[in-house]
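The residues making up each chain are set out below.
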Amino acid sequence: MHCTQKEPPEYDTLILNGMIYNGSGSPPFYGDIGILHDSIAAIGNLKHAKSKKIIDAGGLAVSPGFINMNSMASLSLMLDGRAMSDIKQGVTLEIFGEGWSPGPVKRKTQSESDSLWTTLGGFFDYMMKRGVSPNIASFVGHTSVRNFVLGFANRRPDSTEIEQMKQLVREAMQQGALGLSSSLIYPPASYAEPEELIALAKVAAEYHGIYITHMRSESDFIYDALQETFRVAREASIPTEIYHLKINHARNWNKLDSVLAKIERAQRAGLKITANMYPYAASNTSLQERIPDWVQEGGGSTMRKRLKNPAIRNKVLHEMAAGIPIKNSEPEDVLILGFRLDSLNKLYQGKRLDEVARMHGKNADETVLDLIVADKSPAAAVYFLQSESNVRRILQLPYVSFGSDGASLDTTALFKNWNTHPRAFGAFARVLGKYTRDEKLISLQEAVRRMTSLPASNLKLTRRGQLQPGFFADIAIFDPDKVHDPASYENPKQLATGMVHVLVNGVPVLNNGIPTPARPGRVIKR
């Protein structure tokens, strides 16, 4: 009887000689990964296996692809599906929907409705036809749902309207939404009462979704905002995540101990509370957020008309000066990112608000009103309101994942007029480089866990977030010694370095640091 020698296994791709960080948080180990089709088929010693493609990961870290828990890339990906600023950091899944989501949305005419989507599911179909490098997923945004039914009205929905809103959430959940999101610091969401949020969150909970919120305050009223968040979690019986956990304004920085204690107390009481963050001490919003909410009712055009009325303008200026409802940040803490009008950009882009006010010849509050009316836009700005020590403490919390809170851009002319914060180009690289390698605040395996299996678990994703046989082959391969975020506030559009290979569903989208033309991204549904 003759023994036949067993043929070595054959894979589509072999990753050899890598230091594998599997996403669980356990120590890394030296090994190989075999990929068949879109999934991991084997992990171990595969030196004798065969493959059509071999990636030598010697001297490199091999980890699951990173999950961007707070991506604003839904529009930028329509223009450029490569997602360069994120792919160059190892991001393989973009999570959309902070308050505003790609659906539901109304179209002005039937002809527009024929060619563009009106639902979240329609958006997913549209993006898959266009093709994208990373995977995509989305929450259904409370702001989008409220705006669909009520517009920018500052009032409580009646019983019929709340049922319409619940049905919109129901439809989005059936189309694959991860849950319900809210952004309560911005109108029209700020007009909503907790009961409205609870009613909609209960619908998301029926479909085993989660609730994720940009809380109503990250400053003077952060305790109240936390209690509202816990109330929604408790009364809707829904796991809840806090967007970009932080504390704004120096007068509030000492509240961090109390904030964290309240979160941990809620966790011990049985509430599933998690959070995400971007690793920077400055936020990115607009000059318009310095204006009281009531004057923004009805949307931008209506607001600008009001601001041209001398009596209303004087009332707004009085409230801004008096700190109603919250004392504004000091003008020197606000960096102007840009305007719609080139004429204003030439004068003021890249300057602090105090300097802009001096150039404009008025105080900061009057200058803000003048610029918003003239530009017919909210006017993008960076706010330096956090403390670095608080950022460092929050970054070490085991229940905190990461997000860029930005679009996925490139350095090409296509995005020349997209004003941005460095977090869009550097958030994940900054965690791996500055805070993990250089400052050693967390270990590399812990940083990887919090970019991969933690968010995947919170989002209830299957076969994502870890390197395991049977899991989808979303993989980041990088040099831990070289990963770096050169993006700065002065020059934010600089791609991260140190990422060598990125695979999405088993297909390379970054090969030896160079993007490929592949668009293997898929819609990841709840």
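For the structure itself, consult the block above.
How each quantity is defined
- Residues numbered from 1 in each chain as written.
- Predicted model: local features only at pLDDT ≥ 70, side-chain atom pairs only at ≥ 80, totals over all residues.
- Heavy atoms only, no water.
- Helix = DSSP H or I, 4+ residues; strand = E, 2+ residues; numbered from the N terminus.
- Rg over C-alpha atoms; globule rule 2.2 N^0.38 Å.
- Buried < 20%, exposed > 50% of the residue type's maximum accessible area, 1.4 Å probe, protein only.
- Contact = heavy atoms within 4.5 Å.
- Areas by Shrake-Rupley, 256 points an atom, 1.4 Å probe, with all protein chains shown as cover.
- Lys, Arg positive; Asp, Glu negative; His and termini not counted.
- Charge placed at Lys NZ, Arg CZ, Asp CG, Glu CD.
- Polar contact = N/O pair within 3.5 Å; in protein donor to acceptor, adjacent residues only side chain to side chain.
- Pairing = 2+ DSSP bridges.
- Axes fitted to C-alpha atoms, helices over the stretch in contact; angles between N-to-C directions.
- Left-handed = near helix turned anticlockwise from the far one by under 90°.
- Nonpolar A, V, L, I, M, F, W, Y, C, P; charged D, E, K, R; others polar.
- Parallel < 35°, antiparallel > 145°, perpendicular 65-115°, else oblique.

1. Points about the overall build of the protein
Assigned secondary structure in the protein consists of 18 helices and 21 strands. Relative to the 2.2 N^0.38 estimate, which gives 24 Å for 526 residues, the radius of gyration of the protein is 24 Å and therefore close to what a compact globule would have. Along the longest, intermediate and shortest principal axes, the C-alpha atoms of the protein span 100 × 50 × 50 Å. Evaluated residue by residue, the protein yields a buried proportion of 59% over its 526 residues. Taking the contacts inside the protein whose residues are at least 6 apart along the sequence as the reference set, 76% of them involve residues at least 24 apart. Split by element, the accessible area of the protein, about 21,000 Å² in all, is 51% carbon and sulfur. The distance from the centre of the 62 positive side-chain charges to the centre of the 54 negative ones in the protein is 1 Å.

2. Some details on the side chain of Asn 252
Structurally, Asn 252 is set in the loop between β12 (240–242) and α9 (256–268). At a separation of 2.9 Å, a polar atom in the side chain of Asn 252 contacts the side chain of Ser 219. One polar contact links Asn 252 to Lys 255, side chain to side chain, over a distance of 2.7 Å. Contact partners of Asn 252, with chain neighbours within four places excluded, come to Ser 219, Asp 220 and Ile 247.

3. Brief notes about the sheet that holds strand β15 (residues 334–338)
Spatially, 3 strands are ordered β14-β16-β15 in an open sheet, and the strand pairing comes out antiparallel. Of all strands in the sheet, those bounded by a partner on one side alone are β14 (283–286) and β15. Averaged over all adjacent pairs, the angle separating strand axes in this sheet is 35°, with direction ignored. Here β14 runs beside strand β16 (residues 380–383); their pairing, made up of 4 bridges, is antiparallel. From the neighbouring strand, Asn 284 faces β16, where its bridge partner is Val 382.

4. Notes on the sheet that holds β12
Ordered in space as β9-β10-β11-β12-β13-β17, the 6 strands form an open sheet in which the pairing is parallel. Each edge of the open sheet carries a strand with a single partner, namely β9 (140–141) and β17 (400–402). As defined by bridge partners, β9 adjoins strand β10 (residues 179–183) across 2 bridges and the pair is classed as parallel. Within the sheet, the bridge partner assigned to Val 140 lies in β10 and is Leu 180.

5. A word on the packing of helix α7 (residues 194–206) against helix α8 (residues 222–235)
Two numbers describe how α7 lies on α8: the axes approach to 9 Å, and their chain directions differ by 40°. By crossing handedness, the relation of α7 to α8 is classed as right-handed. In this structure, α7 contributes Pro 194, Glu 195, Leu 197, Ile 198, Ala 201 and Lys 202 to the contact, and α8 contributes Glu 228, Arg 231, Val 232 and Glu 235. Within the contact of α7 with α8, the residues separate by chemical class into 5 nonpolar, no polar and 5 charged.

6. Details of the pairing of strand β3 (residues 39–44)
The pairing of strand β2 (residues 29–36) with β3 spans 5 bridges and is antiparallel. Its bridge partner being in β3, Ile 35 is matched across the sheet by Ile 40. Hairpin connection between β2 and β3: a loop of 2 residues separates the two successive antiparallel strands, and His 37 in this loop has a positive phi of roughly 55°.

7. Considering the packing of α8 against α9
Here α8 crosses α9 at 15°, and the two axes come no closer than 11 Å. Looking at the two axes, α8 sits roughly parallel to α9. Relative to α9, α8 is oriented so that their crossing is right-handed. Residue-level contacts link Ile 222, Tyr 223, Leu 226, Gln 227 and Phe 230 of α8 to Ser 258, Val 259, Lys 262, Ile 263 and Ala 266 of α9. Here the contact of α8 with α9 is built from residues that sort into 7 nonpolar, 2 polar and 1 charged.

8. A few points about unusual backbone geometry
Cis geometry marks the peptide bond from Gly 103 to Pro 104; its omega dihedral reads 5°. Examined against the element boundaries, Pro 104 turns out to sit in the loop between β7 (91–96) and α3 (110–115). Pro 188 follows Pro 187 through a cis peptide bond whose omega is 0°. One non-glycine residue, His 208, adopts positive backbone phi at about 60°. Mapped onto the elements of the fold, His 208 is located in the loop between α7 and β11 (210–214). Of note, His 244 is a non-glycine position whose phi angle comes to about 30°, a positive value. Assessed through its relative accessible area of 2%, His 244 is described here as buried.

9. A look at the environment of Ala 233
Within the element layout of this structure, Ala 233 appears in helix α8. As a C-alpha pair, Ala 233 and Ile 212 span 21 residues in sequence and 9.7 Å in three-dimensional space. If sequence neighbours within four positions are ignored, Ala 233 has contacts with Ile 238, Thr 240, Leu 271 and Ile 273.

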